[in-house]
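# Structural characterization, general
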Amino acid sequence: MKVVIIDYGAGNIKSVQFAFKRIGLDAVLSKDSETIQQADKVVFPGVGEANSAMKKLKESQLDLIIPKLKQPVLGICLGMQLMCNETEEGNTKGLGIFDVSVKKFSNQFKVPQMGWNTIYNMKTNLFHNIKNQEYMYLVHSYYAPKSEMTIATTNYGFEYATALQKDNFYGVQFHPEKSSHAGEQILKNFLDL
């Protein structure tokens, strides 16, 4: 199986690549559109600021490629947020895959939300063998509100979508590559989709 991690200069791609290695798979790092389109599975990671990340996607024209992918795609953290219509971070227009607008946590919360938090109300096989209220590692200042595309929820003073799905596109706000055995199980589940 060929798994490609999109390498567009805004990701914690090495830790994602190492996480796949731990479960016995050599994932390829690439920003080449042909390589990405020919993959069996695509991972779209992201760390950092939305506006500059989106500029990097546009520079390599990956903003045109990603929404047209037909194989399973997993967006992680900022990757998931960039798959939405837009984000309040830098008033950035996203890829429009998920019909959701990403919001900033209000000042009444400690921002960023950083550390372990539980996920629940899980749907789809992405969460096969993941127990309800499982802990995942999160670090983010922006969130996706709950919608009909929500496939897992987290509570941080209020409930928000910690995972989204539409057709072959999946997004998780948490970092499976930093979430111990449960995170590895989610990566295995993604390979089985």
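Presented here is an overview of the structure given in this document. (Residues numbered from 1 in each chain as written. Predicted model: local features only at pLDDT ≥ 70, side-chain atom pairs only at ≥ 80, totals over all residues. Heavy atoms only, no water.)

What follows deals with the sheet that holds strand 2 (residues 28-30). Whether parallel or antiparallel, the strands of a sheet pair through hydrogen bonds between backbone atoms. Spatial ordering of the open sheet is given by 2-1-3-4-13-12-11, a layout of seven strands whose pairing is mixed. Both edges of this open sheet fall to strand 2 and strand 11 (150-155), since each of them pairs with a single strand only. Between one strand axis and the next, the sheet turns by 25 degrees as a mean value, whatever way the strands run. When strand 11 meets strand 12 (residues 159-166), the two strands line up antiparallel, connected through five bridges. Following the sheet pairing, threonine 153 is matched in strand 12 by alanine 161. Here helix 6 (residues 180-192) sits on the sheet and contacts strand 1 (3-6), strand 3 (41-44) and strand 4 (73-76); the angle it forms with strand 3, its principal contact strand, is near 140 degrees. (Pairing = 2+ DSSP bridges. Helix = DSSP H or I, 4+ residues; strand = E, 2+ residues; numbered from the N terminus. Axes fitted to C-alpha atoms, helices over the stretch in contact; angles between N-to-C directions. Contact = heavy atoms within 4.5 Å.)

A separate point is the packing of aromatic side chains. Counted according to the given criterion, the structure contains 12 aromatic pairs. Relative to tyrosine 160, the ring of tyrosine 143 has its centre 6.0 Å away and its plane inclined at 55 degrees; by these criteria the two rings are tilted. In this pair, tyrosine 143 is assigned in strand 10 (residues 142-143) and tyrosine 160 in strand 12, connecting sequence segments 17 residues apart. Like tyrosine 160, tyrosine 143 is buried. Chaining the aromatic ring pairs together yields one cluster made of Phe105, Phe109, Tyr143, Tyr156, Phe158 and Tyr160. We note lysine 104 situated over the ring of tyrosine 142; from NZ or CZ to the ring centre the distance is 5.6 Å. (Phe/Tyr/Trp six-rings, centres within 6.5 Å; stacked < 30°, edge-to-face > 60°. Buried < 20%, exposed > 50% of the residue type's maximum accessible area, 1.4 Å probe, protein only. Lys NZ or Arg CZ within 6 Å of the ring centre and 35° of its normal.)

Attention shifts here to the nonpolar core. Phe20, Val43, Leu74, Leu126, Phe127 and Phe174 are the most contacted members of the largest nonpolar core, which totals 35 residues. Broken down by secondary-structure element, the contributors of at least two residues to this core are strand 1, helix 1 (13-22), strand 4, strand 9 (134-140), strand 11, strand 12, strand 13 (169-172) and helix 6. The leading source of residues in this core is helix 6, at five residues. (Core = buried A, V, L, I, M, F, W, Y, C linked by side-chain atoms within 4.5 Å.)

Moving on, we get to helix 3 (residues 50-59). Within the sequence span of helix 3, burial applies to Ala50, Ala53, Met54 and Leu57. Buried positions in helix 3, seen along its axis, are confined to an arc of 100 degrees and lie on one side of it. Turned more than 90 degrees away from the buried face of helix 3 sit Lys55 and Glu59, all of them exposed. Here the buried face of helix 3 lies against strand 3, helix 4 (62-65), helix 5 (78-82), strand 5 (84-87) and strand 6 (92-93). (Arc of directions from axis to C-beta.)

Here we come to the pairing of strand 11. Across the six residues that make up strand 11, a large majority, five, are buried. Between strand 11 and strand 12, which pair antiparallel and follow one another directly, the connecting turn spans three residues, one of which, glycine 157, has a positive phi of 85 degrees.

Moving on: the environment of alanine 10. With respect to the helices, strands and loops of the structure, alanine 10 is situated in the loop between strand 1 and helix 1. Once the C-alpha coordinates of alanine 10 and phenylalanine 109 are considered, the two residues, 99 residues apart in sequence, prove to be 26 Å apart. Excluding anything up to four places from it in sequence, alanine 10 contacts Pro45, Gly46, Val47, Ala53 and Lys56.

Turning to the side chain of threonine 92, a few remarks are in order. Mapped onto the secondary structure, threonine 92 falls in strand 6. Its relative accessible area of 4% is what places threonine 92 among the buried residues.

The next point concerns the environment of lysine 131. Positionally, lysine 131 belongs in the loop between strand 8 (113-119) and strand 9. The exposure class of lysine 131 is exposed, given its relative accessible area of 54%. Once the C-alpha coordinates of lysine 131 and tyrosine 120 are considered, the two residues, 11 residues apart in sequence, prove to be 8.2 Å apart.

Pairing between side chains becomes possible if they bear opposite charge and their charged atoms approach one another. The final tally for this structure, using the stated rule, is four salt bridges. Across the pair arginine 22 and glutamate 184 runs a salt bridge, and its minimum N-O distance is 2.8 Å. In this pair, arginine 22 sits in helix 1 while glutamate 184 sits in helix 6, placing the two residues 162 residues apart along the sequence. A salt bridge links glutamate 134 to lysine 131, with the nearest nitrogen and oxygen atoms 3.3 Å apart. (Salt bridge = Lys/Arg side-chain N within 4 Å of Asp/Glu carboxyl O.)

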